[in-house]
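Inside the fold
The residues making up each chain are set out below.
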Protein chains: 2
Amino acid sequence: MAGEFALIDKYFARPTPSAILGPGDDCALLQPSPGMQLAVTTDMLVAGTHFLPDTDPKNLGWKALAVNLSDLAAMGAVPRWVTLAGAMPAADETWIASFAEGFFACAREYGVDVVGGDTTKGPLNLCITALGEIEPGQALRRDGAQIGHQIWVSGRPGLASLGLAQLQGRIELPAPWQRLCIGALEKPRPRVALGRALRGIASAAIDVSDGLLADLGHIAERSGCAVAVRLVQLPHLPKGDNYDAVLRKLALECQLAGGDDYELCFTAPAEQHVAIGRIAADLELPLWCIGEMTDGPAGEVTVFDPDDKPVEFERKGFDHFS
Amino acid sequence: MAGEFALIDKYFARPTPSAILGPGDDCALLQPSPGMQLAVTTDMLVAGTHFLPDTDPKNLGWKALAVNLSDLAAMGAVPRWVTLAGAMPAADETWIASFAEGFFACAREYGVDVVGGDTTKGPLNLCITALGEIEPGQALRRDGAQIGHQIWVSGRPGLASLGLAQLQGRIELPAPWQRLCIGALEKPRPRVALGRALRGIASAAIDVSDGLLADLGHIAERSGCAVAVRLVQLPHLPKGDNYDAVLRKLALECQLAGGDDYELCFTAPAEQHVAIGRIAADLELPLWCIGEMTDGPAGEVTVFDPDDKPVEFERKGFDHFS
């Protein structure tokens, strides 16, 4: 079995053209672009909590990086550099090679260099820190939404948690959904281009990691408004016949509270409607106007049914310790 | 038991005067100082591998941050910002409060802001990423040592591993050593001021985390030289009487291969001798010239006894997977 340093070199020390000094020293050295601000995010993924222990390591490598790039996307930042720290129970070279393949595939796709890391022995745990750059004053923060601003979401939140339920054998999805939902779970696409396009248009943004209502609640709380979500405006389900009532209900719950989707949820003044439509067309990405910010208690999220009556939902997000 | 978000807010969301936007959004926003380069390092600490599971959480909080600042020190960088991600088996509020106390004590002491993080459920694991700033071209890299350059080390490497042996009941240190060694283990002092002072003086530097010989080997390998360490020039043992032969031998092994000390080991041209002496006096920190870079196979480390004969050592560092 190769030693720690040899393993790191073999799979993770790759050229880092965007860095002055890449992996292999006490620190990486980077030259920030003049005048730009840095956006920094860190995420820890634990086997059994964030992913199934037998997850395909290639998919896991992609996703571990993608969820961090999604945080940069939600600020409107350009992804630049990442560090990767990992604990593993053993130096399983096959696993590491496959993980690295997925990780670097995502890094290439989004143009980031892996500039440093740490490898150690322990229960499987991955921690990534991502650095991006954003023009001063242009970041899409959570605290800029105002009463009357429309609420938008990209893609189809809920697919990832439906995919998880399918993989865990808790449901049997119709055939055309299966690949779509499992794909959303295993290979999320951080909405970097959308985040960049929303600079100067969106008033607030967040990525849908905890669940749509929970994440909207974060925007509402930080912005000091309430939120009204309208069921009739939610993204359509994938096309298909004969969806039974149970599946429709489950799909709705996953849409509202499923999480792990990494779509962007954002707010914008109503007059940006046309600009947002143009972005959706340019990016070939559906953007749905699902409600609006309202004059209510800060952080309150209310869902309205087609008759404009409030609906009660139990699960409002994923809290690891509650 | 408080939820994840409440816990984070309560203990880790503190004012971040050096950040444009601190914790609580998708990313932190930072404004790098014009013209400076960024130094970035990440370290993962796992219970049972890097620290004893019953370690005092306050000490652990200090040390978790200190070991990262030590990497910045070894580059000559000014510490600026850190992120902290942690997995914990349960949201033990007493533990978290105590950990945060130690962590922020270290942050205050070294002037860094904690700008972001992540908290999750899982086997105890802490991952910190630290960002510092360094003038372009001034970083103390590992690859700048040249044949003939002197090798220096700060403080007294080996104390931390002696302290660990004492805590584990493997040895019984003389009374005056105990506090010194356990203190070195539990509350390492990152040599930030030394790293800054060595800009323009040292040709290469590393912090002693894996063990003196192993870390010297990293400098030697990256610089394409060999290393000669002279036993007679090593730091003196703490003052005391009647050290027996077993203890002397163990202390020597810990000095050369113990690791976990976070002293700086650096190289410099011989003519910098006087400047280095002045730095030692200014910082009230002993600096020892322990050998020199030699014309041998890249990465080879040889230890010479008082009669100038090579000595063999088995343990040349700590490799988690070998």
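Here's a quick rundown of the structure.

How each quantity is defined
Residues numbered from 1 in each chain as written. Chains lettered and ligands numbered in written order. Predicted model: local features only at pLDDT ≥ 70, side-chain atom pairs only at ≥ 80, totals over all residues. Heavy atoms only, no water. Helix = DSSP H or I, 4+ residues; strand = E, 2+ residues; numbered from the N terminus. Rg over C-alpha atoms; globule rule 2.2 N^0.38 Å. Buried < 20%, exposed > 50% of the residue type's maximum accessible area, 1.4 Å probe, protein only. Contact = heavy atoms within 4.5 Å. Areas by Shrake-Rupley, 256 points an atom, 1.4 Å probe, with all protein chains shown as cover. Lys, Arg positive; Asp, Glu negative; His and termini not counted. Charge placed at Lys NZ, Arg CZ, Asp CG, Glu CD. Phe/Tyr/Trp six-rings, centres within 6.5 Å; stacked < 30°, edge-to-face > 60°. Lys NZ or Arg CZ within 6 Å of the ring centre and 35° of its normal. Buried area = accessible area lost by both parts, 1.4 Å probe. Salt bridge = Lys/Arg side-chain N within 4 Å of Asp/Glu carboxyl O. Nonpolar A, V, L, I, M, F, W, Y, C, P; charged D, E, K, R; others polar.

Time to look at the overall build of chain A. In terms of regular secondary structure, chain A is built from nine helices and 12 strands. Relative to its length of 322 residues, chain A is compact, with a C-alpha radius of gyration of 20 Å against a globular reference of 20 Å. In terms of principal-axis extent, the alpha carbons of chain A reach across some 65 × 50 × 35 Å. Within chain A, the proportion of its 322 residues that are buried is 60%. Expressed as a percentage of contacts within chain A between residues at least 6 apart in sequence, the contacts between residues at least 24 apart total 86%. Accessible surface computed for chain A: about 13,000 Å², of which carbon and sulfur atoms make up 52%. Side-chain charges of chain A comprise 26 positive and 41 negative groups, with the mean position of each set lying 4 Å from the other.

What follows concerns the packing of aromatic side chains. Any aromatic ring pair is given by two values, namely how distant the centres are and how the planes are angled relative to each other. Counting across every chain of the model gives 14 aromatic pairs over all chains. Here Trp-62 of chain A and Tyr-110 of chain A contribute two aromatic rings whose centre-to-centre distance is 6.4 Å and whose plane-to-plane angle is 65 degrees, an arrangement assigned as edge-to-face. Taken as a pair, Trp-62 of chain A in helix H2 (residues 57-75) and Tyr-110 of chain A in helix H3 (residues 93-110) lie far apart in primary sequence, 48 residues in all. Residue classification places Trp-62 of chain A among the buried positions, given a relative accessible area of 3%. On the basis of relative accessibility, which here comes to 16%, the residue Tyr-110 of chain A falls in the buried class. Between Phe-99 of chain A and Phe-103 of chain A, the aromatic rings sit 5.8 Å apart at their centres with planes inclined by 25 degrees, giving stacked as the arrangement. Placement of the pair is Phe-99 of chain A and Phe-103 of chain A together in helix H3, with a separation of four residues, close to one helical turn. One exposure class covers both Phe-99 of chain A and Phe-103 of chain A, and it is buried. Linked through ring pairs, Phe-12, Trp-95, Phe-99, Phe-103 and Phe-104 of chain A together constitute an aromatic cluster. Looking at Lys-187 of chain A, its charged tip hangs above the ring of Trp-62 of chain A, at a distance of 4.4 Å from the centre. Sitting over the ring of Phe-104 of chain B, Arg-14 of chain B keeps its end group 3.8 Å from the ring centre.

Here we take up the interface of chain A and chain B. Each partner contributes to the interface: chain A provides 70 residues, whereas chain B provides 70 residues. For the pair chain A and chain B, the summed buried area comes to about 5,500 Å², and 60% of that belongs to carbon and sulfur atoms. Counting every contact that joins chain A to chain B gives four salt bridges. Between Asp-26 of chain A and Arg-142 of chain B there is a salt bridge whose closest N-O contact spans 3.1 Å. If one sorts the elements of the side of chain A that touches chain B by residue count, strand S2 (residues 37-46) of chain A sits on top with nine residues. Residues belonging to the side of chain A that touches chain B are distributed by class as follows: 37 nonpolar, 20 polar and 13 charged.

Keep in mind these values describe shape, not function.
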